[in-house]
Amino acid sequence: MTYSETIEVKIKSQDFHDITGEVENIIRKSEIDDGICNIFAIGATGAIVVNENEPMLLEDFRRTLEKISSSKKLYQHIENAHSHIRSMLIGNSQSIPVKEGRLMLGTWQNIMVINFDTRNREREVLVTVVGD
Amino acid sequence: MTYSETIEVKIKSQDFHDITGEVENIIRKSEIDDGICNIFAIGATGAIVVNENEPMLLEDFRRTLEKISSSKKLYQHIENAHSHIRSMLIGNSQSIPVKEGRLMLGTWQNIMVINFDTRNREREVLVTVVGD
Amino acid sequence: MTYSETIEVKIKSQDFHDITGEVENIIRKSEIDDGICNIFAIGATGAIVVNENEPMLLEDFRRTLEKISSSKKLYQHIENAHSHIRSMLIGNSQSIPVKEGRLMLGTWQNIMVINFDTRNREREVLVTVVGD
């Protein structure tokens, strides 16, 4: 059995948006008890992480990425090379197990979409559940 | 068809634990011949990698991560920001194809759980197989 | 339902190879309309990314990885530690949703295999589709 739904989120540049509640709703509507849930950010400057939604941690993460791939550096690809590079480093999708109708996240694991682009973006995130 | 099982592993801080054999056993018990196997570390300071289990390589990897996200640096998030950051960079799950009842790993690909936390931890890893 | 096929690609050291068209063909042949497609690079020095296939961006990405994990540095693991480290940072597989028989990639999202090894390699990439 497969069920999918698209979430649309407005996210500022370099910001995080928590979609845990929305993904949990989609799992309920899917009526799939056991399987795998894939969360996929459409677009080459987005990313998905599963971690703690704590503002100071997210700021630490942002600064680490700025050190790895600075937004001030000159790149060959025009305008937003660092946005693409961060997206490739983090990855634009995550897969999470579903058991007895529940997403199997730990206490400090939230699903967050990141917009690494240089401007605010409306992002489409496709949630797909496969199982039975 | 879906089958899942939880593996519990005790891992020291910054250490790796090889679970390839245990995942192969779960595949056998699942009786799923063809599909996808998701390996998911529960907790926001863990990670899963699929690579060579060679102690000197793992030490090189540890040092590279220490350079990217130092454990000695001051962060805004208290205590273990670098543990979370490493977990987000590496990712807390991996998906591996299953074909004719076998995990399709290359010769030097082992499945390892990493504990990036600042203290020793007991980690739960959920293995989910979807297929037929 | 599960369908899988192996793609073989020759890739130079540190180079990228676009397999989007081949994966789309496999989706068509699978006759799976809705599900998840896993793309898995066999071998511990390969990786899969889903991003823009633009030569200058790929060169920027290569330079960022060279900064993170230099190929000139001395490591404990002989010969190609940086190849393994880059593979673990980026990840050797990606999962992409399939909807109404189509891979749900954004406009600038291409599927590329990377060979991080120090020599040219023939790489096996396993494409597995699960769904219905």
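As shown above, the structure is provided for reference.
On a predicted model such as this, the values are computed, not experimentally measured, just so you know.

1. Section: the interface of chain C and chain A
So, step 1. Taken together, the contacts link 33 residues of chain C with 29 residues of chain A.
So, step 2. Interface of chain C and chain A: buried area, both sides summed, is about 2,500 Å²; carbon and sulfur atoms make up 61% of it.
So, step 3. Ranking the residues of chain C by area buried against chain A places Ile36, Asn51 and Asp60 of chain C at the top, with a combined share of 20%.
So, step 4. Contributing elements (two or more residues each) for the side of chain C that touches chain A: β3 (35-41), β4 (46-51), α2 (55-68), α3 (81-90), β5 (93-99) and β8 (121-131) of chain C.
So, step 5. Per-element accounting of the side of chain C that touches chain A gives the leading share, 10 residues, to α2 of chain C.
So, step 6. Taken together, the residues of the side of chain C that touches chain A sort by class into 16 nonpolar, 8 polar and 9 charged.

2. Here's the deal with the relation of the copies chain C and chain A
So, step 1. For the match of chain C to chain A, the screw axis carries a shift of 0.0 Å, the RMSD comes to 0.0 Å, and the turn is 120°. Such values leave the two copies arranged in the relation of a three-fold axis.
So, step 2. Taken as a fraction of all interface residues of chain C, those also at the interface in chain A reach only 18%, which identifies the copy contact as different-surface.

3. A short note on the packing of helix α3 (residues 81-90) of chain A against α2 of chain C
So, step 1. Where α3 of chain A meets α2 of chain C, the axes come as close as 10 Å, and the angle between the chain directions of the two elements is 60°. In terms of axis orientation, α3 of chain A runs oblique to α2 of chain C. As for the relative orientation of α3 of chain A and α2 of chain C, their crossing is right-handed in sense. From α3 of chain A, Ala81, His84, Ile85, Met88 and Leu89 of chain A reach across to α2 of chain C, where they touch Leu57, Asp60, Phe61, Thr64, Leu65 and Ile68 of chain C.

4. What about the interface of chain A and chain B?
So, step 1. Counting residues at the interface gives 33 residues for chain A and 29 residues for chain B.
So, step 2. Contact with chain B buries area across many residues of chain A, yet Ile36, Asn51 and Asp60 of chain A alone supply 19% of it, more than any other trio.
So, step 3. On the surface where chain A and chain B come into contact, there are 0 salt bridges.
So, step 4. In this assembly, chain A and chain B are joined by 14 residue pairs in polar contact (both at pLDDT 80 or more).
So, step 5. When residues in the side of chain A that touches chain B are grouped by element, the largest group, 10 residues, is from helix α2 (residues 55-68) of chain A.

5. Topic: the packing of aromatic side chains
All names here are of chain A.
So, step 1. Enumeration over the complete set of coordinates arrives at 3 aromatic pairs over all chains.
So, step 2. Ring geometry for Phe16 versus Phe61: centroids 6.3 Å apart, planes at 55°, classification tilted. Here Phe16 is found in strand β2 (residues 15-18), whereas its partner Phe61 is found in helix α2, with 45 residues between them in sequence.
So, step 3. Looking at Phe16, the relative accessible area reads 12%, which means it is buried.
So, step 4. Its end group placed over the ring of Tyr75, Lys73 keeps NZ or CZ at 4.5 Å from the ring centre.

6. Notes on the relation of the copies chain A and chain B
So, step 1. For the pair chain A and chain B, the best superposition has an RMSD of 0.0 Å and corresponds to a rotation of 120° with a translation of 0.0 Å parallel to the axis.
So, step 2. Little of the interface of chain A is mirrored in chain B, where only 18% of its interface residues again form contacts.

7. As for a negative patch on the surface
Residues and elements named next belong to chain A.
So, step 1. Residues Glu31, Asp33, Glu100 and Asp132 make up a contiguous surface patch of negative charge.
So, step 2. Position of Glu100 relative to the elements: it lies in the loop between β5 (93-99) and β6 (102-103).
So, step 3. In this structure Glu100 comes out as exposed when scored by relative accessible area, which is 68%.

Rules of the game
Residues numbered from 1 in each chain as written. Chains lettered and ligands numbered in written order. Predicted model: local features only at pLDDT ≥ 70, side-chain atom pairs only at ≥ 80, totals over all residues. Heavy atoms only, no water. Contact = heavy atoms within 4.5 Å. Buried area = accessible area lost by both parts, 1.4 Å probe. Helix = DSSP H or I, 4+ residues; strand = E, 2+ residues; numbered from the N terminus. Nonpolar A, V, L, I, M, F, W, Y, C, P; charged D, E, K, R; others polar. Least-squares fit on C-alpha atoms with pLDDT ≥ 70 in both. Axes fitted to C-alpha atoms, helices over the stretch in contact; angles between N-to-C directions. Parallel < 35°, antiparallel > 145°, perpendicular 65-115°, else oblique. Left-handed = near helix turned anticlockwise from the far one by under 90°. Salt bridge = Lys/Arg side-chain N within 4 Å of Asp/Glu carboxyl O. Polar contact = N/O pair within 3.5 Å; in protein donor to acceptor, adjacent residues only side chain to side chain. Phe/Tyr/Trp six-rings, centres within 6.5 Å; stacked < 30°, edge-to-face > 60°. Buried < 20%, exposed > 50% of the residue type's maximum accessible area, 1.4 Å probe, protein only. Lys NZ or Arg CZ within 6 Å of the ring centre and 35° of its normal. Patch = residues over 30% accessible without salt bridge, like charges linked within 9 Å, V, L, I, M, F, W, Y side chains within 5 Å. Areas by Shrake-Rupley, 256 points an atom, 1.4 Å probe, with all protein chains shown as cover. Lys, Arg positive; Asp, Glu negative; His and termini not counted. Charge placed at Lys NZ, Arg CZ, Asp CG, Glu CD.

These figures come from the coordinates and say nothing about function on their own.
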